[in-house]
Amino acid sequence: MAKQKNPRRVGDKEARAKLRMIRTSPQKLNLVAQLIRGKRVETALADLQFSHKRISNDVKKVLESAIANAENNHGLDIDSLIVSEAYVGKNFVMKRFRARARGRGARILKPFSELTIIVKEVDDAEYEAMKDKKAGKKAAKNAAIEKEAKKSAKTSEAA
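Residues numbered from 1 in each chain as written. Predicted model: local features only at pLDDT ≥ 70, side-chain atom pairs only at ≥ 80, totals over all residues. Heavy atoms only, no water.

Q: Sorry if this is basic, but what is going on with the overall build of the protein here?
A: Scanning the protein from N- to C-terminus turns up four helices and three strands. The helix and strand sequence of the protein, counted from the amino end, reads β-α-α-α-β-β-α. Relative to the 2.2 N^0.38 estimate, which gives 15 Å for 159 residues, the radius of gyration of the protein is 22 Å and therefore markedly larger than a compact globule would have. Across its three principal axes, the protein shows a C-alpha extent of roughly 80 × 65 × 40 Å. Buried residues in the protein amount to 26% of all 159 residues. In the protein, the share of contacts with a sequence separation of at least 24, taken over all contacts with a separation of at least 6, comes to 71%. About 11,500 Å² of surface is accessible on the protein, with carbon and sulfur atoms providing 51% of the total. Between the averaged position of the 37 positive side-chain charges in the protein and that of its 20 negative side-chain charges there is a distance of 16 Å. (Helix = DSSP H or I, 4+ residues; strand = E, 2+ residues; numbered from the N terminus. Rg over C-alpha atoms; globule rule 2.2 N^0.38 Å. Buried < 20%, exposed > 50% of the residue type's maximum accessible area, 1.4 Å probe, protein only. Contact = heavy atoms within 4.5 Å. Areas by Shrake-Rupley, 256 points an atom, 1.4 Å probe, with all protein chains shown as cover. Lys, Arg positive; Asp, Glu negative; His and termini not counted. Charge placed at Lys NZ, Arg CZ, Asp CG, Glu CD.)

Following this line, the structure appears as structure tokens:
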């Protein structure tokens, strides 16, 4: 009797890649992951290539791996891929000590993190709809901020 096949961890039109034991803090890695979320893979690769962050080269390798997985393992069209998810997780923390004055020691934490990138195949109409929805949310947020600013300006004038 054969072992049952593992279920897919991502959707039908998705592929993922994961890198563990990245020697940087999750907070710094998340700054680079934010840079590529929701973008087309060509744009994301260009952004990572010209980023000045040290870790962007590793993130670029993971994105290229996710693209290769999509093409070779799942038969997806690489021209219509977007970065649907890019999330960061904590890994272990190396703890070291540094000698300080008067026989004391100061703790040094060297954090590690992990990165998961999921790419998704979407058609052009779907991508434009996603962009419009995002732009609409941003416009609504800006309008609310302006309304609040006008309201606070009126109350300060009245006082």
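Q: Explain the packing of aromatic side chains here, please?
A: Note on aromatic pairs: each is described by the distance of the centres and the angle between the planes. Counting across every chain of the model gives one aromatic pair. Taking the centre distance of 4.7 Å and the plane angle of 15° together, the rings of Phe92 and Phe112 count as stacked. A residue pair is termed long-range when its members are at least 10 positions apart, and Phe92 in strand β2 (residues 81–99) and Phe112 in strand β3 (residues 105–121) qualify at 20 residues. Arg23 extends its terminal NZ or CZ atom over the ring of Phe112, reaching a point 5.5 Å from the ring centre. (Phe/Tyr/Trp six-rings, centres within 6.5 Å; stacked < 30°, edge-to-face > 60°. Lys NZ or Arg CZ within 6 Å of the ring centre and 35° of its normal.)

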